[in-house]
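Here is what each chain is made of, one letter per residue.
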Amino acid sequence: MPEGHTLRRLADDLSHAFAGRLVQVGSPQGRFAADAAVIDGSRLVGADSAGKHLFVEFEHEHIVHIHLGLIGAFDVHTDVAVVPLPVGQVRLRIVSADLSAYADLRGAIQCELIGASRRDQVIAKLGPDPLRRDADPDRAWRRIKASHRPIGDLLMDQAVLAGVGNVYRAEVLFRHRIHPLRPGNSLRVSQWQGIWDDLVVLMGEGVVSGRIDTVAPAHTPEAMGREPRRDDHGGEVYVYRRTDAPCLVCGTPVRTGVLVGRNTFWCPRCQPPFRSRAVKSS
């Protein structure tokens with residue numbers, strides 16, 4: 001599932017391509033046809049994201065609320081000579097009035113036309129997003145310090161912290177030497193602040209680069225003389241999907257286990273165990 005930096009980058013791309021412009025809106029697949037007809041021919045105001053939610057705003061406070069889910073994709077094309085016929089199951093298509101840009105949405109689990117009040121309700125249910133300027137990290141901390149749930153679980157709970165997925169979860173915990181099973185209420189506020197500040201930087205860099213890179217300069221392929229990571233998620237990481245590979249810092253084999261239905265990854269030496277019963281190691 002795309003993590004928060006992907007949605008933020010997508011919002012920026014949509015705003016760059018269409019903000020302030022009249023657009024044609026359609027639903028070649030047909031599932032969004034009635035709502036598309038409401039905003040067809042109107043002006044696109046801009047796009048924004050909160051966690052893993054995308055909001056594309058049109059004039060008259062019409063907002064398309066999108067959640068990509070596991071397989072969704074929203075492809076934005078600019079400076080095109082010709083807008084091609086849609087390919088595949090295109091649920092939503094946006095085309096600039098001058099036919100120089102278009103965007104196709106496929107595979108999203110959610111695509112609905114809502115108003116400003118409903119958008120605000122969706123955002124209010126989310127935890128703070130490290131990529132939003134209005135984020136208040138203390139909201140997340142109040143939930144974390146009061147919970148006995150593992151910090152690796154809490155970081156993935158979108159009601160606690162919005163936008164963080166499996167990659168950022170594993171990597172930020174490694175960078176701060178915290179075991180994923182450590183109870184949230186055992187963390188110090190300074191540890192939480194360090195995690196938050198790190199996520200702000202890492203996810204912000206992900207918006208710019210379009211990939212997740214978490215390793216320090218001393219641990220890059222060039223610095224270590226190793227092969228670059230080859231994975232469909234891209235980027236250089238410490239532990240994510242590196243099961244049994246040597247830790248880039250200490251050489252200990254990386255471990256993996258299941259935490260609340262999702263794989264999690266850690267180095268048993270760099271991240272000493274706090275409690276280990278809730279995870280099944282492999």
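Provided above is the structure to which this section pertains.
Described below are features of the structure shown in this document. (Residues numbered from 1 in each chain as written. Predicted model: local features only at pLDDT ≥ 70, side-chain atom pairs only at ≥ 80, totals over all residues. Heavy atoms only, no water.)

With that out of the way, let us pick up the nonpolar core. I151, L161, W192, I195 and L199 are the most contacted members of the largest nonpolar core, which has 37 residues in total. Among the secondary structure elements, those contributing two or more residues to this core are α4 (137-145), α5 (151-154), α6 (166-175) and α7 (189-209). Sort the elements by how many residues they give to this core and α7 lands first, with seven residues. F18, L92, I94 and A103 belong to the second-largest nonpolar core, a separate cluster that totals 27 residues. (Core = buried A, V, L, I, M, F, W, Y, C linked by side-chain atoms within 4.5 Å. Buried < 20%, exposed > 50% of the residue type's maximum accessible area, 1.4 Å probe, protein only. Helix = DSSP H or I, 4+ residues; strand = E, 2+ residues; numbered from the N terminus.)

Okay, the environment of H233 next. Structurally, the position occupied by H233 is in the loop between α8 (221-224) and β9 (255-259). Sequence separation between H233 and R139 is 94 residues; the distance between their C-alpha atoms is 30 Å. In this view, H233 contacts V167, Y240 and R241; residues no more than four positions away in its chain are not counted. (Contact = heavy atoms within 4.5 Å.)

The contact between helix α1 (residues 4-18) and α7 brings their axes to 8 Å, and the two run at 45 degrees. The angle between α1 and α7 places the two elements in the oblique class. When the axes of α1 and α7 are compared, the crossing they make is right-handed. Residues G4, H5, R8, R9 and D12 of α1 lie in contact with α7, whose contacting residues are M203, G206, V207, V208 and S209. Here the residues of the contact of α1 with α7 sort into three nonpolar, four polar and three charged. (Axes fitted to C-alpha atoms, helices over the stretch in contact; angles between N-to-C directions. Parallel < 35°, antiparallel > 145°, perpendicular 65-115°, else oblique. Left-handed = near helix turned anticlockwise from the far one by under 90°. Nonpolar A, V, L, I, M, F, W, Y, C, P; charged D, E, K, R; others polar.)

Below, the discussion takes up the pattern of salt bridges. For the structure on display, the rule yields 16 salt bridges. Two residues, R8 and D12, come together in a salt bridge whose shortest N-O distance is 3.1 Å. On the criterion of helical spacing, the pair formed by R8 and D12 is a turn pair, its members being four residues apart in helix α1. Note that R132 is salt-bridged to D134, the shortest N-O span being 3.1 Å. Classification of R132 as buried rests on a relative accessible area of 18%. Taking the relative accessible area as the measure of exposure, D134 reaches 54% and is therefore exposed. Salt bridges sharing partners connect three or more residues here, namely R8, D12, D48, R132 and D134. (Salt bridge = Lys/Arg side-chain N within 4 Å of Asp/Glu carboxyl O.)

Bringing α4 into the picture now. Taken together, the buried positions of α4 are P137, A140, W141 and I144. Viewed end-on, α4 has its buried residues packed into an arc of 100 degrees, placing them on one side of the element. If you follow the buried residues of α4, they end up packed against α5 and α7. The N-capping residue of α4, defined by a side-chain oxygen 3.1 Å from the backbone nitrogen of D138, is D136. (Arc of directions from axis to C-beta. Polar contact = N/O pair within 3.5 Å; in protein donor to acceptor, adjacent residues only side chain to side chain.)

It is worth stressing that arrangement in space is one thing and function is another; only the former is reported here.
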